[in-house]
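Listed below are the residues making up each chain.
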Amino acid sequence: MNTAPQWKNPVIRWVDERLPVFTYMDHEYGQFPMPKNLNYFWNFGALASIILVTMIVTGIVLAMQYTPHVDYAFNSVERIMRDVNYGWLVRYIHMNGGSMFFIVVYIHMFRGLYYGSYKAPRELLWILGVVILLLMMATAFMGYVLPWGQMSYWGATVITNLFSAIPLVGNWIVTLLWGGFAVDNATLNRFFALHYLMPFVLFAVVALHVVALHMTKSSNPDGIEMKGPQDSVPFHPYFTAKDAVGTGFFLLFFAFFVFFAPNFFGEPDNYIEANPLVTPAHIVPEWYFLPFYAILRSITFDVLFIPAKLMGVILMFGSIMILFILPWLDTAKVRSAKYRPIYKYVFWIFFIDCIALGWVGSQPPEGAALIIGQLGTFYYFIHFLVVMPVLGKIETPLPLPASIAESVTGGGGGASAGAAAAKMEKP
Amino acid sequence: MRKAMISAAAAVMMALAGPALASGGVEIPKREWSFEGLFGTYDRASMQRGLQIYKENCSGCHSLNLMYYRNLADLGYEPAQIKAFAAENEVQDGPNNEGEMYDRPALPSDRFVKPFPNDNAARAGNNGALPPDLSLMVEARVGGPNYLYALLTGFTDAPEGVTVMEGMNYNKVFPGHQIAMAPPLSDDGVEFTDGTKATVDQQAQDIVTFLAWTSEPNMEARKKMGLKVMIFLVVFTGLLIAVKKRVWADVH
């Protein structure tokens, strides 16, 4: 592979000698080596960046018509839905885009968990991913408040009140979040300002995530590193073409909800304007927060000197924070679950645990749901704190293939050499 | 394994999103609606009857704040008919050049005139209860049109042992079963201009169809565009698959 392309076009050459954008693009997206054994689960990073850009573009357009004031917010959203040209389209894309973003990112993360993508040398790549998840959650939470429906208002009230559980400074933090002594106009205004700001912070962290990815290169289903050109194909055209296929299917899925079931992920209560005097019978967050909501509510008892509410808050945030240290909790040297006969099943147990917690989050915290939630919460932390460290020590992994090329074609690198040659013929 | 993962991922999404649709409490029977399904449209005749019911039965208490008279063009009315319909109501306008507020007949560009000037007036006129705005009623209730239909046809005598509070009415599906609204529909309570027999079921069907439209007036445009988008994406994805196969042919 050539590393310093010769640009024939004099304008491109002139620019590139002063600002090497073309060389950079060629290096990072043209020749950039990708493992040739990637499956379609490796599409979801690209899909996440597509949906991020979609959210930013539709969000900016919506902000041009939206009024962040408690008296006008609800009606300004309805005006977008009714009287702004294609406003319904832009808003439904943005509204469902939030759910799509979380679907894509959760699949992306479970893929990372299954194939051990977080292990050395990709620890920082994973950690940046967890930062992205936290930023997404904060952004989505504040965005959901903006239409100023009943669920917006009461969701904001419940979630911001969680901070009051923090000893000493809790109430002070809540007042700071609210900009007053209740969720009110000041809250709506600051949430709007932050909801506009945070996607750009998110974008910057995504850029770091991509830089980190380009240092370590992509992991792959076999969890072994690329050893030479026979193991890889250049990003373009191979993965531009493959990501495009995934994008096509993703857009079909996305468009189905936007055009034929736009309120599927929503709550009917959010079409009622916020009313501080009427509490909805059943306050539920958006579906993507349900597992964490379940963990929060499963602590119904004081733990030693820690009150139940504070313990719930600690565990809810802890359930995400624990992901930061996952690369060191997992002691197994082999990355991919493909070669870990026990972890393969442990992964699915953990996956089912997350789904169960999601279901619990949607139910009132009583009876069977509460008990399942408590067991699910217990297992969630056991998975990370006990199963992952111990399993790496006691599990006997299957033998790894000698190379990616061997695992794909059963040896030889002729095809890939041909691919590299085809690439060089490109002008 | 991969197939299992894909179906599991699909199951997650269904499982997680499902509860949002589930309704609590009383079982609400599902009915057929003209506006459901991928190709569903609003039944124009039913909507026109619904508008008549709204005007004669509902508009005394319930506002329709998000709708303009001009929106009635969607129901198939001509501009002159809409102008005449709007002009039956008075709105306050002004101030004029003398600085005075004045009343004038409503125009198609005006919003539907409210029955009460504010919430307090509405409560004062309704035994302390606030009749909700109907603009988004179908979208704002779990169960949507089926729930509203069940509510409107769900007025019965209270079962034995249940005492209904003064000024309240017993309803099978309303949460708590006691609703301040008196049964709004009765057989032949309206005389439809198109001659349709005005049973309670028929009226409930028509008013719900009308309110489904006020909840989402752009639904037909949405589905029409969606069909084109889906057809485009199917063809486009097909092409992308073909391209990918060509590109990868020398690797596999």
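Residues numbered from 1 in each chain as written. Chains lettered and ligands numbered in written order. Predicted model: local features only at pLDDT ≥ 70, side-chain atom pairs only at ≥ 80, totals over all residues.

Asker: Residue-level account of the nonpolar core, with values.
Answerer: In a soluble, globular protein the nonpolar side chains are often hidden away together inside. Counting 82 residues, the largest nonpolar core has A:Ala48, A:Ile51, A:Phe101 and A:Val104 as the members making the most contacts within it. If one sorts the elements of this core by residue count, helix α5 (residues 87-114) of chain A sits on top with 15 residues. One finds B:Tyr69, B:Leu72, B:Tyr147 and B:Leu211 within the second-largest nonpolar core, a separate group that totals 41 residues. (Core = buried A, V, L, I, M, F, W, Y, C linked by C-beta atoms within 7 Å. Buried ≥ 20, exposed ≤ 12 C-beta atoms within 10 Å, placed from the backbone. Helix = DSSP H or I, 4+ residues; strand = E, 2+ residues; numbered from the N terminus.)

Asker: Report on the environment of B:Ala86, specifying residues and quantitative values.
Answerer: Residues and elements named next belong to chain B. The residue Ala86 is located in helix α3 (residues 79-87) in this model. On the basis of neighbour counts, which here come to 21 C-beta atoms within 10 Å, the residue Ala86 falls in the buried class. Between the C-alpha atoms of Ala86 and Asn169, which are 83 residues apart in sequence, the distance is 33 Å. Excluding residues that lie within four positions of it along the chain, Ala86 makes contacts with Tyr69, Ala106, Leu107, Pro108 and Asp110. (Contact = placed C-beta atoms within 7 Å.)

Asker: Tell me what's going on with helix α4 (residues 73-82) of chain A, and back it up with residues and numbers.
Answerer: Taken residue by residue, α4(A) has A:Ala73, A:Phe74, A:Ser76, A:Val77, A:Ile80 and A:Met81 as its buried positions. As for α4(A), its buried residues are in contact with α3 (44-63), α5 and α9 (185-216) of chain A.

Asker: I'd like to hear about the interface of chain A and chain B, residue by residue, with values.
Answerer: Taken together, the contact between chain A and chain B spans 43 residues of the former and 39 residues of the latter. Listed by contribution, the elements that provide at least two residues to the side of chain A that touches chain B are α4, α5, α10 (235-260), α14 (343-362) and α17 (414-425) of chain A. Taken together, the residues of the side of chain A that touches chain B break down into 29 nonpolar, 9 polar and 5 charged. (Nonpolar A, V, L, I, M, F, W, Y, C, P; charged D, E, K, R; others polar.)

Asker: Outline the environment of A:Ala46, listing residues and values.
Answerer: All names here are of chain A. Of note, Ala46 is situated in helix α3. According to the C-beta neighbour criterion, Ala46 is partly exposed, with 19 such atoms within 10 Å. It is 34 Å that separates the C-alpha atoms of Ala46 and Ala73, two residues lying 27 residues apart in sequence. Residue contacts for Ala46: discarding those within four places in its chain leaves Asp243 and Gly246.

Asker: Give me the confidence of the model for chain A: which residues, what numbers.
Answerer: Any residue range with low pLDDT should be treated as having predicted coordinates unsuitable for detailed reading. Across chain A, the average pLDDT comes to 93, with 95% of residues at 70 or higher. In the predicted structure, residues 411-427 of chain A sits below a pLDDT of 50 and forms 23 contacts with residues beyond four places in sequence or in another chain. (pLDDT = per-residue confidence, 0-100.)

Asker: Any chance you could break down the packing of helix α5 (residues 144-152) of chain B against helix α6 (residues 200-215) of chain B for me, citing the residues and the numbers?
Answerer: Residue and element names in this part refer to chain B. Taken N-terminus to C-terminus, the directions of α5 and α6 make an angle of 145°; their axes are 9 Å apart at the nearest point. α5 and α6 meet at a crossing whose hand is right-handed. Contact residues: α5 offers Pro145, Leu148, Tyr149 and Leu152, while α6 offers Ala204, Gln205, Ile207, Val208, Leu211 and Ala212. Here the residues of the contact of α5 with α6 sort into 9 nonpolar, 1 polar and no charged. (Axes fitted to C-alpha atoms, helices over the stretch in contact; angles between N-to-C directions. Left-handed = near helix turned anticlockwise from the far one by under 90°.)

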